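# Results of the structural survey
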Amino acid sequence: MRNLNEDTITQAVIERFSRTPDPRLKEILTSLIQHLHAFARETKLTEAEWFKGIDFLTRTGHMCDDKRQEFILLSDTLGLSMLVVAQNNKKPAGCTESTVFGPFYVEGAPHYDQGEDVANGAQGEPCIVRGTVRGLGGEPVPHATIEVWQADADGNYDVQYAHLAHAQARGVLKSGLDGKFHFKSIRAEAYPIPTDGPVGEMLRASKNHPWRPAHLHFMIKADGYETLITHVFRDGDQYLDSDAVFGVRQSLVKDWVKQPDGTYLLEYDFVLNPEK
Ligand code: BEZ
Ligand code: FE
């Protein structure tokens with residue numbers, strides 16, 4: 001295959017990959033080649049711009065380690081994460097909606113009993129979170145594994161502190177026989193996603209802010225039900241309509257209500273989709 005030109009190269013590259021035995025991988029590679037080439041044609045990409053793009057992606061990779069995932073951040077801020085979540089989580093009406101996972105989940109978070117304080121020393125306005133895990137038919141879901149994680153009052157997750165010896169503002173608990181759960185924590189606050197890497201540069205260059213509206217992350221697993229990955233967002237937050245990662249769903253917005261003793265209360269019930 002010689003003398004390929006800008007009109008013939010795309011088909012030649014697709015044919016080069018046409019022997020890919022895995023049909024799904026072949027489909028993805030073929031589509032990726034088509035869209036990448038179409039992008040270069042449509043934008044009349046110059047060589048200087050292409051090198052700049054390679055440099056951007058290289059620096060994005062260099063920013064990644066076991067605590068920092070700049071590629072997830074890139075996918076999130078370009079709306080790709082939320083698109084993939086949306087097209088893979090079409091649930092029946094009545095189920096709790098899903099939203100982005102984000103880069104701050106940590107496996108092996110401490111386990112707590114009902115009523116315990118998952119803040120574990122994290123600074124913030126004290127609050128109680130309570131609710132019920134149910135199935136789509138309204139049945140309580142007992143023994144559901146409920147993982148929660150959130151930022152502190154300064155907008156940082158525990159993993160963003162270099163010298164923290166133990167997990168803060170994250171934990172795992174089980175729903176009771178009646179599907180109910182409750183725990184203490186701190187009120188969620190808005191925070192900016194990390195902007196000290198290439199994604200921050202991209203946001204500044206495009207005059208976009210890095211803020212996420214205040215939210216509490218949940219991952220809920222129970223036998224016989226699809227895993228639910230979601231957040232509860234705090235009502236009234238100024239960033240609900242401009243979330244840096246496009247994750248807000250109205251059904252996930254709820255008020256943290258101030259109680260007479262000055263603490264806050266969030267009540268939220270989750271509805272899981274039965275496994276097919
Ligand atoms: C988060 O909510 O933890 C998050 C999601 C996407 C990007 C950055 C942070
Ligand atoms: Fe978050």
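Since the model is a prediction, treat every value here as computed from it, not as a measurement. All residue numbers here refer to positions counted from 1 along the written sequence of the relevant chain. Chains and ligands are labelled sequentially in the order written, the chains with letters from A and the ligands with numbers from 1. Per-residue local features of the predicted model are confined to residues with pLDDT of at least 70, and side-chain atom pairs are confined, for both listing and counting, to 80 or more; whole-chain, interface and lining totals are unaffected and use all residues. Hydrogens are left out, water is left out, and the side-chain values use all remaining heavy atoms of the structure.

## With respect to the overall build of the chain
In DSSP terms, a helix is any run of H or I states spanning at least four residues, a strand is any run of E spanning at least two, and both are numbered starting from the N terminus. Helix and strand counts for the chain come out as 6 helices and 12 strands. In terms of its C-alpha atoms, the chain occupies a principal-axis envelope of roughly 75 × 40 × 35 Å. Buried, partly exposed and exposed residues are distinguished by accessible area as a fraction of the type maximum, computed with a 1.4 Å probe on protein chains only: under 20%, between the cut-offs, and over 50%, respectively. Put simply, the chain has 276 residues, and 40% of those count as buried. We get accessible surface area from the Shrake-Rupley algorithm with a probe of 1.4 Å; when it comes to residues, only the shown protein chains can shield them. A total accessible area of about 15700 Å² is found for the chain, and carbon and sulfur atoms account for 54% of it. His is not counted here, nor are the chain ends, while Lys and Arg score as positive and Asp and Glu score as negative. Taken as the charge location is NZ of Lys, CZ of Arg, CG of Asp or CD of Glu. Taken as two groups, the 29 positive and 39 negative side-chain charges of the chain have centres that lie 4 Å from each other.

## Thoughts on the domain arrangement of the chain
Domain boundaries assigned for the chain yield domain 1 (1-45) and domain 2 (70-272). The C-alpha-based centres of domain 1 and domain 2 are spaced at 39 Å. All domain edges in this entry derive from an automatic or database-based domain assignment.

## Here we look at the packing of aromatic side chains
Aromatic pairing here means that ring centres of Phe, Tyr or Trp (its six-membered ring) are within 6.5 Å. Orientation follows from the plane angle: under 30 degrees is stacked, over 60 is edge-to-face, and everything else is tilted. Applying the stated rule across the entire model yields 12 aromatic pairs. Ring plane angle 15 degrees and centroid distance 4.4 Å describe the contact between phenylalanine 104 and tyrosine 157, whose orientation is recorded as stacked. Of this pair, phenylalanine 104 sits in the loop between helix H5 (80-88) and strand S1 (126-135) while tyrosine 157 sits in the loop between strand S2 (145-149) and strand S3 (170-174), and the two are 53 residues apart along the sequence. Taken as a pair, phenylalanine 104 and tyrosine 157 share a single burial class, namely buried. Between the aromatic rings of phenylalanine 181 and phenylalanine 183, the centroid separation amounts to 6.3 Å while the plane-to-plane angle is 25 degrees, which identifies the pairing as stacked.

## Brief notes about the site of ligand 1
Looking at ligand 1, the residues that line it are Leu73, Asp76, Gly102, Pro103, Phe104, Tyr157, Tyr191, Ile193, Arg212, His215, His217 and Val245. Within 3.5 Å is the distance limit for a polar contact, defined as a pair of N or O atoms, with the added protein rule that one can donate a hydrogen and the other accept it, and that residues adjacent in sequence qualify only through two side-chain atoms. The contact in question runs from an oxygen atom of ligand 1 to an N or O atom on the side chain of histidine 215, over 2.9 Å. In this structure, histidine 217 approaches ligand 1 through a side-chain N or O atom, which is 2.9 Å from an oxygen atom. Contact with the protein chains covers 100% of the free accessible surface of ligand 1, which is 260 Å². Looking at the shell around ligand 1, the elements with two or more residues in it are helix H4 (70-77) and strand S7 (215-221). Per-class residue counts for the shell around ligand 1 are 7 nonpolar, 3 polar and 2 charged. If a single non-hydrogen atom of a residue is within 4 Å of a molecule or strand, that residue counts as near it. Under the scheme applied, nonpolar residues are Ala, Val, Leu, Ile, Met, Phe, Trp, Tyr, Cys and Pro; charged residues are Asp, Glu, Lys and Arg; polar residues are all the others, including Gly.

## A look at the nonpolar core
Definition of nonpolar core: a set of buried residues of the types Ala, Val, Leu, Ile, Met, Phe, Trp, Tyr and Cys, connected through side-chain atoms within 4.5 Å. Among the nonpolar cores identified, the biggest contains 31 residues, and Phe181, Phe183, Phe218 and Ile220 are the most heavily contacted of them. Elements represented by at least two residues in this core include exactly S1, S2, strand S4 (180-186), S7, strand S8 (228-234), strand S11 (264-267) and strand S12 (270-272). In contact with isoleucine 220, other than residues within four places in its own chain, are Val133, Ala144, Thr145, Ile146, Glu226, Thr227, Leu228, Phe270 and Leu272. Met82, Val85, Ile193 and Ala244 belong to the second-largest nonpolar core, a separate cluster that totals 11 residues. Throughout, a residue-residue contact means that at least one pair of heavy atoms, one from each residue, lies within 4.5 Å.

## Here we look at the sheet that holds S8
Pairing within the open sheet is mixed, and its 5 strands lie in the order S3-S2-S7-S8-S9. Each having just a single partner strand, S3 and strand S9 (253-254) make up the two edges of the open sheet. Paired strands, as defined in this entry, are two strands with at least two bridges between them according to DSSP. As defined by bridge partners, S7 adjoins S8 across 6 bridges and the pair is classed as antiparallel. Residue pairing in the sheet places methionine 219 in a bridge with isoleucine 229 of S8.

## Brief notes about the pattern of salt bridges
Salt bridges are identified by distance alone: a Lys or Arg side-chain nitrogen within 4 Å of an Asp or Glu carboxyl oxygen. Considering all chains together, one arrives at 12 salt bridges under this definition. Here arginine 187 and glutamate 189 are joined by a salt bridge, their closest N and O atoms 3.1 Å apart. What makes arginine 187 buried here is its relative accessible area of 14%. Several salt bridges share partner residues, and in doing so they unite Asp55, Arg59 and Glu201 into one network.

## Examining empty space enclosed by the protein
Note on definitions: the grid is 1 Å and covers protein atoms alone; a cavity is a set of points where a 1.4 Å probe fits but cannot get out; a pocket is an open set with protein on both sides within 12 Å along at least five of seven lines; lining residues have an atom within 4 Å of a point. Grid points are joined across faces, edges and corners, and a volume is the space filled by probe spheres set on the points. On inspection of all chains with the given rule, the structure shows 1 cavity of 30 Å³ or more. Estimated volume of the largest cavity: approximately 80 Å³. Along the wall of the largest cavity there are 13 residues; nearest its centre are Asp76, Gly102, Pro103, Tyr191 and Arg212. Class assignment of the residues belonging to the lining of the largest cavity gives a composition of 9 nonpolar, 2 polar and 2 charged.

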